[in-house]
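One letter stands for each residue in the lines below.
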2 protein chains.
Amino acid sequence: MSGYSFYDRAFRALNQYPSLSKLLVVFTVSGGGVAAYSGAQPSRGVVCADSSAGRGECEKKKKVVVLGTGWAGVSFLKTLNNPSYDVHVVSPHNYFAFTPLLPSVTCGNVEARSIVEPIRSITNKKNVDVQFREAVCFKIDADNKKVYCRSSQDTNLGGKEEFSIDYDYLIVAMGAKSNTFNTPGVEENAHFLRLGVEDALRIRQSVIDCFERASLPSVSEEEKKRILQFVVVGGGPTGVEFAAELHDFVVEDLSKLYPAVKDYAKITLVEAGDHILNMFDKRIATFAEEKFQRDGINVKTGSIVIKVADKEISTKVRESGQVESLPYGMVVWSTGIGPRPEVVDFMKQIGQTNRRALATDEWLRVEGCDDIYALGDCATINQRRVMEDIALIFSKADKNKTGTLNIKDFQEVVDDICERYPQVELYLKKKQMKNIVDLLKDLKKQSVEVDIETFKSALSEVDSQMKNLPATAQVAAQQGAYLANCFNRMEECEKYPEGPLRFRTLGRHRFRPFRYKHFGQFAPLGGEQAAAQLPGDWVSIGHSTQWLWYSVYASKLVSWRTRVLVMSDWGRRFIFGRDSSRI
Amino acid sequence: MSGYSFYDRAFRALNQYPSLSKLLVVFTVSGGGVAAYSGAQPSRGVVCADSSAGRGECEKKKKVVVLGTGWAGVSFLKTLNNPSYDVHVVSPHNYFAFTPLLPSVTCGNVEARSIVEPIRSITNKKNVDVQFREAVCFKIDADNKKVYCRSSQDTNLGGKEEFSIDYDYLIVAMGAKSNTFNTPGVEENAHFLRLGVEDALRIRQSVIDCFERASLPSVSEEEKKRILQFVVVGGGPTGVEFAAELHDFVVEDLSKLYPAVKDYAKITLVEAGDHILNMFDKRIATFAEEKFQRDGINVKTGSIVIKVADKEISTKVRESGQVESLPYGMVVWSTGIGPRPEVVDFMKQIGQTNRRALATDEWLRVEGCDDIYALGDCATINQRRVMEDIALIFSKADKNKTGTLNIKDFQEVVDDICERYPQVELYLKKKQMKNIVDLLKDLKKQSVEVDIETFKSALSEVDSQMKNLPATAQVAAQQGAYLANCFNRMEECEKYPEGPLRFRTLGRHRFRPFRYKHFGQFAPLGGEQAAAQLPGDWVSIGHSTQWLWYSVYASKLVSWRTRVLVMSDWGRRFIFGRDSSRI
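Residues numbered from 1 in each chain as written. Chains lettered and ligands numbered in written order. Predicted model: local features only at pLDDT ≥ 70, side-chain atom pairs only at ≥ 80, totals over all residues. Heavy atoms only, no water.

J.: What's the story with the packing of helix 13 (residues 407–420) of chain B against helix 14 (residues 422–430) of chain B in this structure? I'm lost.
T.: Helices that pack against each other are described as a pair by the angle of their axes relative to one another and the distance between those axes. All names here are of chain B. Helix 14 packs onto helix 13 with a crossing angle of 100 degrees between their chain directions and a minimal axis gap of 4 Å. Looking at the two axes, helix 13 sits roughly perpendicular to helix 14. Note on element contacts: helix 14 touches helix 13 through Pro422, Val424 and Glu425, opposite Ile417, Cys418, Glu419 and Arg420. Of the residues contributing to the contact of helix 13 with helix 14, the split by class is four nonpolar, no polar and three charged. (Axes fitted to C-alpha atoms, helices over the stretch in contact; angles between N-to-C directions. Helix = DSSP H or I, 4+ residues; strand = E, 2+ residues; numbered from the N terminus. Parallel < 35°, antiparallel > 145°, perpendicular 65-115°, else oblique. Contact = heavy atoms within 4.5 Å. Nonpolar A, V, L, I, M, F, W, Y, C, P; charged D, E, K, R; others polar.)

So this is what it looks like as structure tokens:
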């Protein structure tokens, strides 16, 4: 066996991150956890300081339950480095998928396995005890601080396992599902581009299926035309990227392998708005539309899908109301998101009905629930209006209770106001002012005292700048990292709060509220071209942007393994083309 | 778009094998084929010599239908280079899978996509017109020279398409299916290792499923033990390789990620014979058994599986008849093959009942069917006995009709006998003789004339050396290449037959009969060790053999693409380990 050890030493050194001792510790702790579970007793991990010395100074670890392993959940897990938590992760997927590359998976530019990383590999390298459970949380019991979960496996091993976990802190990061807007037939007949790796793989198989089916000798010409009509619904960045990737796949690879049917293949992109990529700069939208026209991709803007039948998709032109029908072989749905049923249940339970996502405060805490946080696509930050708190702000600033504020009074709370109400900063930026003092000066023309009415009118338009954050990976990742940093310094910040002044009560907030920093957005357009909109309305389009896209995405991947794999996939595609085997 | 063309030129040159003109020709021909099909008219491809010169000398191409794209079918397609055939390939898989690496796929040593190559890519590079249909042949009508096929797609696109194809020559290479020996519960509860890529992927998912399920908090200790009991049935090279790969996967990768349950994982290998790898040299079997014992793999030899229940597998000790039960989490069935139902139907139709595969003659022609060939796992060569033909051989050799043979007479037919009846050569080899003349000399002690009785008794034991060929990739590939070479030189050999003398009728056979050349066999044993048995009973075991395995398999892969991918997979596994994401 000496040779075996040699290989072991030589080749495996690189991925043996956890030392043996650490492995043993993890094993002991998790073993204890299991025993507690099977006794159905609420139990918390125990941390013993210096237990080897026999002093036995043990304290209970706070139990953090994380639901979901998407961008938000994994970003939280990666950033958390305070070993005083006992973390339990519940998710139906035992891996993290780098979702921005999912459209690439649909056409074989990148392999699915190259963009996923097992959660256990991610958490294994940490100093925090993390237990992963492959299950779906189907009920949150906020009163008893408990979540109920069901194994996500549907095997012949004897039905689905159910269990519950108690928590001290719950982090809801379950993501969202595609929104069909109750369009009939979508659920049954369309593919969804948003959901996950399985969907992307199914789309890939389905594209090949269409080509194989169209190649059968018994299929009529009309049927061939129908089978090879690909319809993409939704002109957002994902839909546009998929349409572009599919076009490249057909033109560069499939047309060589299926010469007899290649001329039947058509791609149609349906968008309800007036332009595709309408969240981007006008220049990008125009460029994309022109490129798609040159490529022969049919872009139907201003059309709403009203029905997806078995073999036919019906759209209505928004302006004229005219209904059109298009026989199709494959429909890919890539528009809008809605809350998952488990989240809807929880929202009902806590009285948050009629919302599209869980409402949280600026610290990502779910409104009305202590110790429950929500982040990523399943949550939305319910920003506090300045006008709601205007009297309290005024009285807090007016220390001497004179009924008027002078500039000096005001300057003491100005930073807190800006931090607590991010819309203030946006408003000032829009007005090209440096700070609120300028706003007041602007109103009174000179440095004098202001009363509450003047103050109110100065800030009256500030709340118009409140915006919901987009449901993107960028937001989710930043929220996860933010929350983990809060957890990392929880004890410290309890003692020395670092947040803004509390205007409604006394003291300061423990933490600074979450602030999203936008780094820009890409829209790959196929043919080795991409568009990017960077902060400050900086727009970049073309081949160089595609290379920027390659480098940004390669650097953002979750591990060196995925980085190497994705880059070798890109290399493989350049050299050998995309694979069309139906597996 | 200049930049695009640049990329196109720079990166795609490597995989643009077909020139534009070739593409156009293929398109035209296949277009014609489709039109003929849709009219449901039997039609054959047409080849026009020098049609550009307007002379219009056209002759009908012979239509060859190949059923199956395994080793035999693809080897045939790769070797066929005579453009006077119009080839139609029907298979439920639009790719060729390099099956010897399937056990590696089950544990993530190699990715599935790395070992497959689309049939269309293989045939695209050829000078022969090949049409591929993704379908299953469900009926062969030998009388009307027609096969009936059904699309293998099970989508919502509107039921399964059916169609028929006429043929001039039919090549049956549909492979075999796993044989459950009618053991109850196997079909329902076991995974099959033999069949294909999908099965390998399902096994991979299932292994991860077992570990995830065992990690759930509500699962009792006993259940954990059951869930992580992996049972492999069949101690042949595939079963042994899978058990070894699974052991390495558990020890090297999963035990790090699932520290809490790793000690429950157990692998049991059940084999009906007295030893595993019993087709190999005794030294290899002993080494493998000892290695498995050291590794903690439980090897149960001399045990027959009698039932695979939902959660329990029952075995019977062959000698004592004692029945044992073992709770399991996953059973992988890797023993024996049987004919596919479509092949059974065809066998019934042509009166070949009670056989385990389609019987062919030494030229791979199905017995009793003109123009139908069968090769690979679905076929078996029904060798002609020397004793059946002994009188005819004698009379053919006895040119002067003297009733006795002298050595000179005999020497004229000796090569033909050896070629026609391969068992003769094997018998001589066993007896350490050079040729049949020695055999006669041996009998008569000196060079004299022999009569028919002496001749009979000299050859009486020759037929004992007849052996069925093993159902391996090696045999199938050699048969495919052999048959393609026959087709390549069909016309030439009609005129100038190159085969042995026909003893029953006049003249010579067109072709030399098929002869299998054994190049040896590998048995990977895990832990970077392998065993190999090469021709001449040369045995090699250990790490160096594993490297031999790597190099042989890398060189045997079907394309440069798969070669690069498999080698990069091996590199990835050395550096990053195997991935445990459940996708």
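J.: Even after reading the chapter, I still don't get the packing of aromatic side chains, so can you show me in this structure?
T.: Each pair of aromatic rings is reported with the distance of its centres and the angle of its planes. A complete count under the given rule lists 43 aromatic pairs over all chains for this structure. Summarising the aromatic geometry, the rings of Phe522 of chain B and Tyr553 of chain B are spaced 5.9 Å apart at their centres and angled 80 degrees between planes, so their arrangement reads as edge-to-face. Within this pair, whereas Phe522 of chain B is found in strand 26 (residues 521–526), its partner Tyr553 of chain B is found in helix 19 (residues 543–556), the two being separated by 31 residues in sequence. In terms of burial, Phe522 of chain B and Tyr553 of chain B fall into one category: buried. By way of ring pairs, the aromatic residues Trp71, Phe96, Phe98, Phe522, Trp547, Trp549, Tyr550, Tyr553, Trp570 and Phe574 of chain A are connected into one cluster. Geometry around Phe138 of chain A places Arg150 of chain A over its ring, the cationic atom sitting 4.2 Å from the centre. (Phe/Tyr/Trp six-rings, centres within 6.5 Å; stacked < 30°, edge-to-face > 60°. Buried < 20%, exposed > 50% of the residue type's maximum accessible area, 1.4 Å probe, protein only. Lys NZ or Arg CZ within 6 Å of the ring centre and 35° of its normal.)

J.: In this structure, what is going on with the nonpolar core? I would like to understand it.
T.: Side chains that are nonpolar tend, in soluble globular proteins, to be buried together. Counting residues in hydrophobic clusters, the biggest one holds 66 residues, and the most contacted among them are Leu67, Ile140, Val147 and Val172 of chain A together with Phe211 of chain B. At nine residues, the largest contribution of residues to this core is made by helix 9 (residues 237–257) of chain B. Non-local contacts of Phe211 of chain B, meaning those with residues more than four positions away in its chain, are made with Leu228, Phe230, Val250, Leu254, Tyr258, Val261 and Ala265 of chain B. Counting 65 residues, the second largest nonpolar core, distinct from the first, contains Cys210 and Ala214 of chain A together with Leu170 and Val343 of chain B. (Core = buried A, V, L, I, M, F, W, Y, C linked by side-chain atoms within 4.5 Å.)

J.: Explanation requested: the confidence of the model for chain A in the structure shown.
T.: All names here are of chain A. Per-residue confidence for chain A gives a mean pLDDT of 84, with 87% of residues at or over 70. The secondary structure element of chain A with the lowest average pLDDT is helix 2 (residues 20–38), at 31, and the one with the highest is strand 13 (residues 229–233), at 97. Ignoring residues within four places in sequence, the model shows residues 1–45, a span with pLDDT below 50, making 66 contacts including any to other chains. Segment residues 49–57 is flagged for pLDDT under 50; beyond a separation of four residues in sequence, or across chains, it makes four contacts in the model. Both confidence scores are given for the complex: pTM 0.85, ipTM 0.84. (pLDDT = per-residue confidence, 0-100.)

J.: Even after reading the chapter, I still don't get the pairing of strand 13 (residues 229–233) of chain B, so can you show me in this structure?
T.: For a regular strand, the rule is simple: side chains alternate between the two faces of the sheet. Residue and element names in this part refer to chain B. Burial analysis of strand 13 places five of its five residues in the buried class, the great majority of the element. Burial along strand 13 is two-sided: Gln229, Val231 and Val233 and Phe230 and Val232, pointing in opposite directions, are all buried. Summarising the sheet, strand 13 and strand 14 (residues 266–270) pair through five bridges and their orientation is parallel. Bridging from a neighbouring strand, Val232 pairs with Leu269 of strand 14. In this fold, the crossover linking strand 13 to strand 14 by way of helix 9 has right-handed handedness. Examined bridge by bridge, strand 13 and strand 19 (residues 330–333) share four bridges and lie parallel to one another. Bridge pairing in strand 19 links Val231 to Val331. (Pairing = 2+ DSSP bridges. Right-handed = clockwise from strand over helix to strand, strands pointing away.)

J.: What am I meant to see in the UniProt feature "domain: EF-hand" (unreviewed entry) in chain A here?
T.: As annotated by UniProt and renumbered to match this structure, "domain: EF-hand" (unreviewed entry) occupies residues 385–420 of chain A. With 61% helix and 6% strand, the stretch residues 385–420 of chain A has end C-alpha atoms that lie 10 Å from each other. (UniProt positions renumbered as here; feature names shortened; annotations may be inferred.)

J.: Please explain the environment of Val65 of chain B as it appears in this structure.
T.: Relative to the helices and strands, Val65 of chain B is located in strand 3 (residues 62–67). With residues up to four places along the chain from it excluded, the contact list for Val65 of chain B reads His88, Val147, Ile165, Asp166, Tyr167, Tyr169, Leu170 and Ile171 of chain B.

J.: I tried to follow the side chain of Gln465 of chain A on my own but got confused; where do I start?
T.: Mapping Gln465 of chain A onto the fold places it in the loop between helix 16 (452–459) and helix 17 (473–488). Excluding residues that lie within four positions of it along the chain, Gln465 of chain A makes contacts with Gln423, Leu426, Tyr427 and Lys430 of chain A.

J.: Explain the domain arrangement of chain A here, please?
T.: The figure often quoted for interface size is the accessible area lost as the parts come together. What the domain assignment reports for chain A is domain 1 (60–179 + 337–383 + 470–517), domain 2 (191–335) and domain 3 (386–464). Centre-to-centre, using C-alpha coordinates, domain 2 of chain A lies 52 Å away from domain 3 of chain A. (Domains from an automatic or database assignment.)

J.: Honestly, the pairing of strand 26 of chain B in this entry has me stumped. Any pointers?
T.: Residues and elements named next belong to chain B. For strand 26, the buried fraction is high: five of the six residues fall into the buried class. Bridging between strand 26 and strand 27 (residues 529–534) involves five bridges; their strand directions are antiparallel. Of the residues in strand 27, the one forming a bridge with Phe522 is Ala532.

J.: Looking at this structure, I do not really get the sheet that holds strand 12 (residues 190–192) of chain B. What am I missing?
T.: For sheets, the rule is that strands pair by backbone hydrogen bonds, running either parallel or antiparallel. Residue and element names in this part refer to chain B. With respect to topology, five strands assemble into an open sheet ordered 12-19-13-14-15, the strand pairing being parallel. One side of each edge strand has no neighbouring strand; the edge strands of this open sheet are strand 12 and strand 15 (298–300). Each neighbouring strand pair of the sheet contributes to a mean axis angle of 25 degrees, computed without reference to strand direction. Here strand 14 runs beside strand 15; their pairing, made up of three bridges, is parallel. In the strand pairing of strand 15, Leu269 is matched with Val299.

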